[in-house]
Amino acid sequence: MTRPRTTPAVRTDGSQDTQAHSTHPTLDTALTSSLDDLRRHLTAHLDPAARDWLEHALDEAAAHPGIHGPISAWELRLAEAGRRCGAVYADAARVLILDAARAGTDALTRVYFQGTADERRAVLHALPHLVSGSSALPLVEDALRTNDTRLLTAAVGPYAARHLAPHDWRHAVLKCLFTGVPVDHVADLPRRARGDGELARMLGDYAAERTAAGRTVPEDLYRVLDLTESAPPAPGTDHPHGKES
């Protein structure tokens, strides 16, 4: 497929995306790194009152982990996090509270389905830190059925990269293209897309549909297509996702 000449991407606020990269860790990178890094990031950025509140919330969750009755104390702290820590840092604070509460799949599922969109997003960010196997995939699959771009962004993180089956992962990539979620948010994209002929076919079909309808093809589509055309793993090497039947 021939890539057209393009201009710099334009954000929804009208500003151009120069794809400049800061030398300082961002909250997005902290959310996908270790919990220790995440806590250090918050400690460095929260004001004293918010830091004190978070420390109390973490101590409380650690002292009374798990699910207790209709609602646990730490679940109430999840609801407060936006007001106490500010919208920018609330996701990270909630992830740390979920970790302190030793929330397993059952607790995470309860928070996800009973919580607000903000709390659902925090659960998705917490999955790679708190769930080692694939038992929480239904939460990712539910998020991928929505059109909430912030929820979708959280859903295509490291947990999905590890556990989504090839068919479902390909559709997650397409969903990002449909909804305008930048593919930079798709965790482990280069490895999972490498040599994926079926994904390349799906991308080609989508590009053809948009062209036939007189609509532009997202630049991100060509970026992913380039990845699918890179060399696949050498024969005989292990591939964690196997072949799709």
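Along each chain, the written sequence defines residue order, and numbers are assigned to residues from 1. Note on the predicted model: pLDDT of at least 70 is required for a residue's local features to be given, and 80 or more for side-chain atom pairs to be given and counted; whole-chain, interface and lining totals, by contrast, use all residues. For the side-chain quantities, the full set of heavy atoms in the structure was used; hydrogens and water were omitted.

Time to look at the packing of helix α7 (residues 117-130) against helix α8 (residues 137-144). Packing of α7 against α8 brings their axes to within 10 Å, and their N-to-C directions diverge by 130°. Classified by the angle between their axes, α7 and α8 sit oblique to one another. Seen along the crossing, α7 lies across α8 with a hand that is left-handed. Here Arg120, Val123, Leu124 and Leu127 of α7 lie close against α8, whose contacting residues are Leu139, Val140, Asp142 and Ala143. Each axis is a line fitted through C-alpha atoms, and for a helix only the stretch in contact is used; angles between axes span 0 to 180 degrees, taken between their N-to-C directions. Put simply, DSSP marks the helices as runs of H or I at least four residues long and the strands as runs of E at least two long, and each gets a number from the N terminus on. When describing relative orientation, an angle under 35 degrees is termed roughly parallel and one over 145 degrees roughly antiparallel, while 65 to 115 degrees is termed roughly perpendicular and anything else oblique. Whether a crossing is left-handed or right-handed is set by the direction in which the near helix is turned from the far one by less than a right angle, anticlockwise for left-handed and clockwise for right-handed. Contacts: residue pairs with any heavy atoms within 4.5 Å of one another.

With that settled, the discussion passes to helix α6 (residues 105-114). Among all positions in α6, only Ala107, Leu108, Arg110, Val111 and Tyr112 are buried. On its buried face, α6 is in contact with α4 (73-85), α5 (87-100), α7, α8 and α9 (149-155). Each residue is assigned to one of three classes by its accessible area relative to the maximum for its type, calculated with a 1.4 Å probe on protein chains only: buried under 20%, partly exposed between the two thresholds, exposed over 50%.

This part takes up the environment of Ala161. Here Ala161 shows up in helix α10 (residues 158-163). The class of Ala161 is buried, set by a relative accessible area of 3%. Separated by 27 residues in the primary sequence, Ala161 and Asp188 have C-alpha atoms spaced 6.1 Å apart.

This part is about the pattern of salt bridges. The salt bridge criterion pairs a side-chain nitrogen of Lys or Arg with a carboxyl oxygen of Asp or Glu, the two atoms within 4 Å. According to the stated counting rule, one finds 16 salt bridges in the structure shown. The residue Arg201 makes a salt bridge to Asp205 at a minimum N-O spacing of 2.7 Å. One end of the pair is Arg201 and the other is Asp205, both in helix α13 (residues 197-212) and 4 residues apart, which spans about a single turn. Asp205 sits in the partly exposed class, given a relative accessible area of 38%. Linked through salt bridges whose partners overlap, the residues forming this network are Glu60, Arg77, Glu80 and Arg84.

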